[in-house]
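Now for the letters of each chain:
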Amino acid sequence: MSFKVAIVGRPNVGKSTLFNRLVGRKLALVDDTPGVTRDRREGEASLGDLTFTVVDTAGLEEGVGDSLEARMRRQTDLAIAEADVCLFLMDARAGVTPLDQRFAQILRKSPTPVILAANKCEGGAGEMGRMEAFELGLGAPLPLSAEHGEGLGNLYDALSEFARGLEKDDAEQALEDALAEEQEASFDPDAPYEPDLEAPLRIAFVGRPNVGKSTLVNQLLGEDRMLTGPEAGITRDSIGIEWEWRGRRVKLWDTAGMRRRARVTEKLEKLSVADTLRAIRFAEVVVVLLDATQPFERQDLHIADLVEQEGRGLIIGVNKWDTVENPQEVLRILKEELERLLPQIRGVPIVQLSALTGRGVEKLMPVIERVHTVWNARVGTARLNRWLEEAVARHQPPAAKGRPVNLKYTSQVKSRPPTFAIFSSRADEVPTSYRRYLVNSLRETFDLPGIPIRLLMRKSKNPYAGKKGRN
């Protein structure tokens, strides 16, 4: 399969030379003068049995306002955003410079995967500089010589591993899309929801390191099944455990703690985080566990947002509640923060507990079961269309280019999470703000708290389209 690789780095580290080497032609201008490349250039590259699109970029430079450097930097930022993987090139002979450190920091925050390569390592030269590159926190730097073609085998291995992961993700996505289409075709919103008591209820416990996930799982099971302790990061694998609660089969996933991406540098920890993401995708309800002794952090918000993006039911568990001195005030602040920072999932249930003492833990499973029921909710078509009429009567959709936008009818197309389609001849012109209004109205009218709601705007067919006029 084809993918896109963006070659990035500070000026004069050999990006254009490597670009020409990969495409097999001298397409990019090469010179010892820094800053020769100013625009993005794409080419079709091949390396062994791999074929991919490679992008040569301008050297990463600091720039402000509308200066030439700033405009070049914006072009490079676009290349990074559009790429499937970034190849960050540094000059091994010059060693790590402050500019390398600055842009390594930027790349660590980017969602695009990064491969670090140390160029100009021909004949063993630059080995000291390559070893310095470990401090950039982007993994082991590959030794390369773009000019002499050395080290391309290492680059092939790194890209092959990435390509295999991309193929697996694409295959999983294709399977998910096919299953979603099949479910949508057979979905009957007017049929009552009947839980499958034979299938286990799948629950994942996620959160930052050392918030008490393993201790909570042990408390639920009533045994020391998971290794626990004061050290952060004891759990490395996502462990699935079969359990039974009130006669119902349950599968619990205890997961590794998730730190901010910029702090995840060791390969083992990266694998643990990937394992946690797979557990979230496999779960039906996810409990994001917080530490009551620490404030609501940005990483907690990021984890909750991941759960929402995956379309899973969400519960906020606040552990170590027995250590809080002013519980009412802390709870009020937490609710306000959730409403402000997670407006897309209003009404997320909060369960205060102590995993160590067991206090409040008995409240967790009933809440999980309730969220699971809402996650499977079905709303009849007649009720939905009455709701749509009332919602539009209260607040008309904004006109597009001076013409009214008419919302004709709606229906639920699937559950898990509840997904609704609204049909309109101008569906693509309904603004995001009005879609948020409709989602919030759906949540309030049909009592759907704490779960993601998907709203699809679909274009209704014109019955006269394609018909010839009368002569």
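Residues numbered from 1 in each chain as written. Predicted model: local features only at pLDDT ≥ 70, side-chain atom pairs only at ≥ 80, totals over all residues. Heavy atoms only, no water.

1. Details of the overall build of the protein chain
Phase 1: Helix and strand counts for the protein chain stand at twelve helices and 15 strands.
Phase 2: As displayed, the protein chain has an accessible area near 24,500 Å², and 49% of this comes from carbon and sulfur atoms. (Helix = DSSP H or I, 4+ residues; strand = E, 2+ residues; numbered from the N terminus. Areas by Shrake-Rupley, 256 points an atom, 1.4 Å probe, with all protein chains shown as cover.)

2. Quick word on the side chain of Asn-119
Phase 1: Along the chain, the position of Asn-119 falls in strand E5 (residues 114-119).
Phase 2: Asn-119 sits in the buried class, given a relative accessible area of 3%.
Phase 3: In this structure the side chain of Asn-119 is engaged in a polar contact, spanning 2.9 Å, whose partner is the backbone nitrogen of Ala-146.
Phase 4: Asn-119 has contacts with Val-13, Gly-14, Leu-89, Met-90, Asp-91, Ala-92, Arg-93, Leu-144, Ser-145 and Ala-146, leaving out every residue within four places of it along the chain. (Buried < 20%, exposed > 50% of the residue type's maximum accessible area, 1.4 Å probe, protein only. Polar contact = N/O pair within 3.5 Å; in protein donor to acceptor, adjacent residues only side chain to side chain. Contact = heavy atoms within 4.5 Å.)

3. A word on the packing of helix H11 (residues 381-394) against helix H12 (residues 432-445)
Phase 1: One can describe the packing of H11 onto H12 by two numbers: an axis separation of 11 Å at closest approach and a directional angle of 130°. Classified by the angle between their axes, H11 and H12 sit oblique to one another. At the point where H11 passes H12, the crossing takes the right-handed sense. On H12, the residues that touch Leu-384, Trp-387, Ala-391, Val-392 and Arg-394 of H11 are Tyr-434, Tyr-437, Leu-438, Ser-441, Leu-442 and Thr-445.
Phase 2: Split by residue class, the contact of H11 with H12 holds eight nonpolar, two polar and one charged. (Axes fitted to C-alpha atoms, helices over the stretch in contact; angles between N-to-C directions. Parallel < 35°, antiparallel > 145°, perpendicular 65-115°, else oblique. Left-handed = near helix turned anticlockwise from the far one by under 90°. Nonpolar A, V, L, I, M, F, W, Y, C, P; charged D, E, K, R; others polar.)

4. Regarding unusual backbone geometry
Phase 1: Omega for the peptide link from Arg-416 to Pro-417 comes to 0°, which places this bond in the cis form.
Phase 2: One can find Pro-417 in the loop between strand E13 (409-414) and strand E14 (419-424).
Phase 3: The phi torsion at Lys-120 lies on the positive side, around 65°, for a residue other than glycine.
Phase 4: Mapped onto the elements of the fold, Lys-120 is located in the loop between E5 and helix H4 (127-132).

5. Considerations on the nonpolar core
Phase 1: Leu-364 and Leu-407 are the most contacted members of the largest nonpolar core, which totals 52 residues.
Phase 2: At seven residues, the largest contribution of residues to this core is made by helix H10 (residues 364-375).
Phase 3: Setting aside chain neighbours within four positions, we find Leu-364 in contact with Phe-205, Leu-216, Leu-220, Val-287, Ile-315, Val-351 and Leu-353. (Core = buried A, V, L, I, M, F, W, Y, C linked by side-chain atoms within 4.5 Å.)

6. Regarding the side chain of Asp-91
Phase 1: By secondary structure assignment, the location of Asp-91 is in strand E4 (residues 85-91).
Phase 2: Residue Asp-91 is classed as buried on the basis of its relative accessible area of 9%.
Phase 3: There is a polar contact of 3.1 Å between the side chain of Asp-91 and the side chain of Lys-120.
Phase 4: Excluding its chain neighbours within four sequence positions, the residues that come into contact with Asp-91 are Arg-10, Asn-12, Val-13, Asn-119 and Lys-120.

7. Focus: the environment of Glu-242
Phase 1: Relative to the helices and strands, Glu-242 is located in strand E8 (residues 239-245).
Phase 2: A residue is classified by how much of its surface remains accessible, and Glu-242, at 47% relative accessible area, is partly exposed.
Phase 3: With 41 residues separating them in the primary sequence, Glu-242 and Leu-201 have C-alpha atoms 9.9 Å apart.
Phase 4: With residues up to four places along the chain from it excluded, the contact list for Glu-242 reads Arg-249, Val-250 and Lys-251.

8. Some points on helix H9 (residues 327-341)
Phase 1: An ideal rise of 1.5 Å per residue puts 21 Å on 15 residues; H9 measures up with 21 Å between its terminal C-alpha atoms.
Phase 2: Turning to H9, its buried residues are Leu-331, Leu-334 and Leu-338. What you see down the axis of H9 is that its buried residues fit within an arc of 65°, all on one side. Along H9, exposed side chains directed more than 90 degrees from the buried face belong to Gln-328 and Arg-340. (Expected span 1.5 Å × (residues − 1). Arc of directions from axis to C-beta.)

9. Side note on the confidence of the model for the protein chain
Phase 1: On average, the protein chain scores 78 in pLDDT, and the residues at 70 or more come to 75%.
Phase 2: Predicted confidence for residues 226-238 stays below pLDDT 50, and this span has 37 contacts to residues more than four positions away or in other chains.
Phase 3: Low pLDDT, under 50, characterises residues 259-272; the stretch is placed with 21 contacts to residues that sit more than four places away or in other chains. (pLDDT = per-residue confidence, 0-100.)

10. Section: the pattern of salt bridges
Phase 1: Considering all chains together, one arrives at 15 salt bridges under this definition.
Phase 2: For the salt bridge of Asp-91 with Lys-120, the shortest nitrogen-to-oxygen distance reads 3.1 Å. Highlighted residues: Asp-91 in strand E4 and Lys-120 in the loop between E5 and H4, separated in sequence by 29 residues.
Phase 3: Here Arg-416 and Glu-284 are joined by a salt bridge, their closest N and O atoms 2.7 Å apart. Within this pair, whereas Arg-416 is found in the loop between E13 and E14, its partner Glu-284 is found in the loop between helix H7 (267-282) and strand E10 (285-291), the two being separated by 132 residues in sequence.
Phase 4: Here Arg-416 falls in the partly exposed class, since its relative accessible area comes to 29%.
Phase 5: On the basis of relative accessibility, which here comes to 5%, the residue Glu-284 falls in the buried class.
Phase 6: Connected via shared salt-bridge partners are Glu-329, Arg-332 and Glu-336. (Salt bridge = Lys/Arg side-chain N within 4 Å of Asp/Glu carboxyl O.)

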